[in-house]
Amino acid sequence: MAFSKQSRKQTIENLKNTPLDLLIVGGGITGAGVAIQAAASGIKTGLIEMQDFAEGTSSRSTKLVHGGIRYLKTFDVGVVADTVQERAVVQGIAPHIPRPFPMLLPIYDEPDSTYDMFSVKIAMDLYDRLAGVTGTQYANYTISREEVLQREPGLKKDKLLGGGVYLDFVNNDARLVIENIKEADELGAMVASHVEAVGVLHDDNGKVIGLQAKDNLTGETFDIHAKLVINTTGPWVDKFKALDKGETFTPTLRPTKGVHLVVDDSRLQVPQPTYFDSGADDGRMIFVVPREGKTYFGTTDTDFTGDYEHPTVEQPDVDYLLAAINNRYPGADIKLDDIEASWVGLRPLIAANGSSDYNGGGANAGKVSDDSFNALIHTVNEFEDKKATREDVEHAISNLKTAHAEETLSPSQVSRGSALNRSDDGIITLSGGKITDYRKMAAGALALIRTILDSEFNVTTKEIDSKKLQISGGHFDPTNVEETIKFYTRIAKEVGMSEEEATDLANRFGSNTGRVVTYVQNGAADGLSLKETISLRYSVNEEMALTPVDYLLRRTNAILFHADTLPTLVEPVVAEMGRLLDWDADEQAAQLAKTKEVIAETQLDALK
């Protein structure tokens, strides 16, 4: 089914002329999750996004579907329970995207250490019980100092005690968004990128009846009418609220900036995702993740007040991460010139929720009082003897008392909790949260939306089980991922690709691989492999890739994890997109210049 620049024109005409039940503002993971569920429920749905889908926060995460590992520091059972359960749901509805990849947590005998070998085992056991993986191949275990160094010889040896290993999932955040968006479109939602909300429409009683929108590609302004409007704009939530002249509001978000850096794995090689204290006595923890022949590490958490549309990596961000990584891998000596790529994103943290943070910290920096910890251990032992329930354990965790609570919260100590509310004039806002929780957040919003449509507009919609609503590319048995991907790999190989190329294609597109390979009919484009050609053609025609950056950064990971291919890849991609989208010479030149500008920024040329 076409989902392209051409189909976008018709979609915008439909948005102009069709009274909607629901208009979603924001095409990141939250809006995409609401769109797929609303469309499946029979709700007449529209979605507008002012940039490319996932161009903001939703393509700039740590690229893991967390099981709540970051929250083990403060034993935040509510967050851990939600995330580990939702992780399994996401894997079921998007089986071609998140993949299990156990995490290593080295334990050091340092004053600011989050865990010792005893407490990490207790935390991991609780984590496994909440995740339901106790007794499975993914159950946690501890390893000795020698075993840690056998896995990662480059790790700092001084004061290393051992390590813990537990389950986490790697993710492709931007692909998760676009596959939700594509499925919503298939289900009948009217979805358009590069359409910006510029005003709020009210009826004579002051109730919201839609939005004034601007097509950022043509400059045209038009009205979209809808019974309900939901704000899912992530870090832009407060900025969107400011458009609503019918309401007064107090800002609710405290955006923080998170930075990740990428180096070749020849400079820093790790066999599995690794997670450790920053070493800066600041309550933060650092991820180091292997991916596609590269290693990336992050993240930072600093308050942000700059340009939301264009946050940048600054020298202090680089200095902080290099200090942390070179402290833990003292022989690596990673320098600025080693950085091949970077990304920076804003987190839509809710300022009022002071609890456990995105980066693993909390108001107690992970420390609890002896009495609270002993009470927890007692309850766990009772649970093991079947004298206490899971609810008793959860209650004990929830009641942990901090030993040294701080009076004020640092940027890395703001909760990633979500909020759902409705203003007096009718706009619904779904804010905060994290990528792992997107389906659950959307389900909560949809329950409210269905209730309002029924009670206020007499619109009856159908109830769906969103835990079984598979996204585009994910229409296969989630318990048989490996064999299914092998099947799609064979399909790709049959049209002339190598095993490696076919496997990469099958992992990227899942059950859509059969559609992708239909684009072989015109052969490879000049300067591109057959695999790259059909991937590009499919993304332009069926994934709304409108620019080379859309394709090279968000439909694929080329800019982030394949910097060595860019010098020979960029110009052929621009040329083929120009052919597909009818660009003249001036437009091709402009697109090439913009792509090179983005690559230079990603590669930190200005700092080098």
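Described in the following lines is the structure provided in the data block. Every chain is numbered on its own, with residues counted from 1 as its sequence reads. Only residues with pLDDT of at least 70 get local features here, since the model is predicted, and only at 80 or more are side-chain atom pairs given and counted; chain-wide, interface and lining totals rely on the full set of residues. Side-chain descriptors were evaluated using all non-hydrogen atoms of the structure, hydrogens and water having been removed beforehand.

Remarks on the nonpolar core
One broad trend across soluble globular proteins is that nonpolar side chains are buried collectively.
Inference 1: The criterion is simple. A nonpolar core is a set of buried Ala, Val, Leu, Ile, Met, Phe, Trp, Tyr and Cys residues joined through side-chain atoms within 4.5 Å. Burial here depends on accessible area, computed with a 1.4 Å probe over protein chains only, as a share of the maximum for the residue type. Under 20% is buried, over 50% is exposed, and the range in between is partly exposed. In this structure, Leu105, Leu552 and Val573 are the most contacted members of the largest nonpolar core, which totals 46 residues.
Inference 2: Here, two residues are considered to be in contact whenever any of their heavy atoms come within 4.5 Å of each other. Each residue touching Leu105, except ones within four places of it in the same chain, is listed here: Tyr115, Val120, Gly162, Gly163, Gly164, Tyr166, Tyr275, Phe276 and Met285.
Inference 3: Within the second largest apolar cluster, 45 residues are counted, among which are Phe53, Ala54, Ala94 and Ile471.

Remarks on the pattern of salt bridges
Inference 1: Note on definitions: salt bridges are taken to be side-chain nitrogens of Lys or Arg within 4 Å of carboxyl oxygens of Asp or Glu. Per the stated rule, a full pass over the model turns up 38 salt bridges.
Inference 2: When the shortest N-O distance is used, the salt bridge between Glu543 and Arg175 registers 2.6 Å. With Glu543 in the loop between helix H15 (530-542) and helix H16 (548-555) and Arg175 in helix H6 (residues 173-186), this residue pair connects regions lying 368 residues apart in the sequence.
Inference 3: Looking at Glu543, the relative accessible area reads 0%, which means it is buried.
Inference 4: Residue Asp437 pairs with Lys434 through a salt bridge whose shortest N-O separation is 2.5 Å.
Inference 5: Exposure remark for Asp437: the relative accessible area of 10% places this residue in the buried category.
Inference 6: Linked by salt bridges that have partners in common, Asp52, Glu55, Asp550, Arg554 and Arg555 make up one network. Secondary structure is summarised from DSSP: a helix means a run of H or I of at least four residues, a strand means a run of E of at least two, and numbering begins at the N terminus for each.

A look at the pairing of strand S15 (residues 285-291)
Inference 1: Across the seven residues of S15, seven count as buried, placing the element largely inside the fold.
Inference 2: The side-chain alternation of S15 yields two buried faces, one formed by Met285, Phe287, Val289 and Arg291 and the other by Ile286, Val288 and Pro290.
Inference 3: One bridge is not enough; two strands pair if DSSP finds at least two bridges between them. Pairing geometry for strand S14 (residues 274-277) and S15, over four bridges, is antiparallel. Within S15, the position partnered with Asp277 by the bridge is Met285.
Inference 4: Strand direction decides the pairing type here: S15 and strand S16 (residues 294-298), joined by five bridges, are antiparallel. Bridge pairing links Val289 to Tyr296 in S16.

Details of helix H2 (residues 29-40)
Inference 1: Residue count minus one, scaled by 1.5 Å, sets the expected span of a helix. Between its first and last C-alpha atoms H2 spans 17 Å; for twelve residues at 1.5 Å apiece the expected length is 16 Å, and the two agree.
Inference 2: Extensive coverage of H2 is indicated by the burial of twelve of its twelve residues.
Inference 3: Against strand S1 (20-25), strand S2 (45-49), H6, strand S20 (428-432) and helix H11 (438-457) lie the buried residues of H2.

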